[in-house]
Amino acid sequence: MTSSNQKMFFGNGIKLTAETKEQYEPEVYELSDTKTNEKVCLATGFTRHNLMKDWTAFSGTEASQIVEDGKPTGVYNQVAVLEAGQECGNTTEKADEPCAASLEPDEMVNLASLTVFGLRVIFMKTVVFNVLMTLRLWISQ
């Protein structure tokens, strides 16, 4: 690109990808479902869009960019479903170490859920009251 604000034109089929100068290697995790014995390979935290193309487990998949607050971060994730007998490769996670993920409760979500529940109760009371008053009116006539 030039500093004179000139437009650049590309032909059909050309894809331009802007990447950061820092290069981060992926952290690779093999995840499995104990009930169905399905395995998935997750590569995360890398900065080159096509970094995983040489890995056999990731052939046929494409990396997706992580977006925070609507803006791209320049960091990518890629997921591949492993077939029977297929290995993920060099994984970051140790085999004996369980995946520890924790979710902290959000007070605003709890407040919103409680508010919605309260509004539903008030709505149902209104519907029941209207039905009862309508039946009472019909019976009295």
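Keep in mind the model is a prediction, meaning the values are calculated, not measured.

Conventions adopted
Residues numbered from 1 in each chain as written. Predicted model: local features only at pLDDT ≥ 70, side-chain atom pairs only at ≥ 80, totals over all residues. Heavy atoms only, no water. Pairing = 2+ DSSP bridges. Helix = DSSP H or I, 4+ residues; strand = E, 2+ residues; numbered from the N terminus. Patch = residues over 30% accessible without salt bridge, like charges linked within 9 Å, V, L, I, M, F, W, Y side chains within 5 Å. Areas by Shrake-Rupley, 256 points an atom, 1.4 Å probe, with all protein chains shown as cover. Salt bridge = Lys/Arg side-chain N within 4 Å of Asp/Glu carboxyl O. Buried < 20%, exposed > 50% of the residue type's maximum accessible area, 1.4 Å probe, protein only. Polar contact = N/O pair within 3.5 Å; in protein donor to acceptor, adjacent residues only side chain to side chain. Contact = heavy atoms within 4.5 Å. Core = buried A, V, L, I, M, F, W, Y, C linked by side-chain atoms within 4.5 Å. Phe/Tyr/Trp six-rings, centres within 6.5 Å; stacked < 30°, edge-to-face > 60°.

Looking at the pairing of strand E3 (residues 64–68)
One ladder, built from 4 bridges, connects E3 with strand E4 (residues 71–82); its direction is antiparallel. Its bridge partner lying in E4, Ser64 is registered against Asn77. Counting the residues in the hairpin turn of E3 and E4 gives 2 residues, including Asp69, whose phi is positive at 55 degrees.

Details of a nonpolar patch on the surface
Together, Phe123, Met124, Val127, Val128, Phe129, Val131, Leu132, Met133, Leu135, Leu137, Trp138 and Ile139 make up a nonpolar patch on the protein surface, roughly 1200 Å² of accessible area in all. Position of Leu137 relative to the elements: it lies in helix H1 (residues 107–140). Residue classification places Leu137 among the partly exposed residues on the basis of a relative accessible area of 48%.

Here we look at the side chain of Thr44
With respect to the helices and strands, Thr44 occurs in strand E2 (residues 39–46). Polar side-chain contacts of Thr44 include one of 2.4 Å to the side chain of Asn77. Thr44 has contacts with Pro26, Glu27, Tyr29, Tyr76 and Asn77, leaving out every residue within four places of it along the chain.

Re the nonpolar core
Counting 12 residues, the largest nonpolar core is built from Val28, Cys41, Ala43, Phe46, Met52, Ala57, Phe58, Ala63, Tyr76, Ala80, Leu82 and Cys88. Elements with a contribution of two residues or more to this core: E2 and E4.

Here's the deal with the pairing of E4
The side chains of a regular strand alternate between both faces of the sheet. Pairing between E2 and E4: 7 bridges, direction antiparallel. The partner of Thr44 across the bridge, within E4, is Asn77.

Describing the packing of aromatic side chains
All told, the structure shown has 1 aromatic pair when counted by the stated rule. Ring centres of Phe46 and Tyr76 lie 6.2 Å apart, and the angle between their planes is 25 degrees; on these two criteria the pair is classed as stacked. Of this pair, Phe46 sits in strand E2 while Tyr76 sits in strand E4, and the two are 30 residues apart along the sequence. For the pair formed by Phe46 and Tyr76, the shared burial category is buried.

Don't take any of this as a statement about function, it's just geometry.
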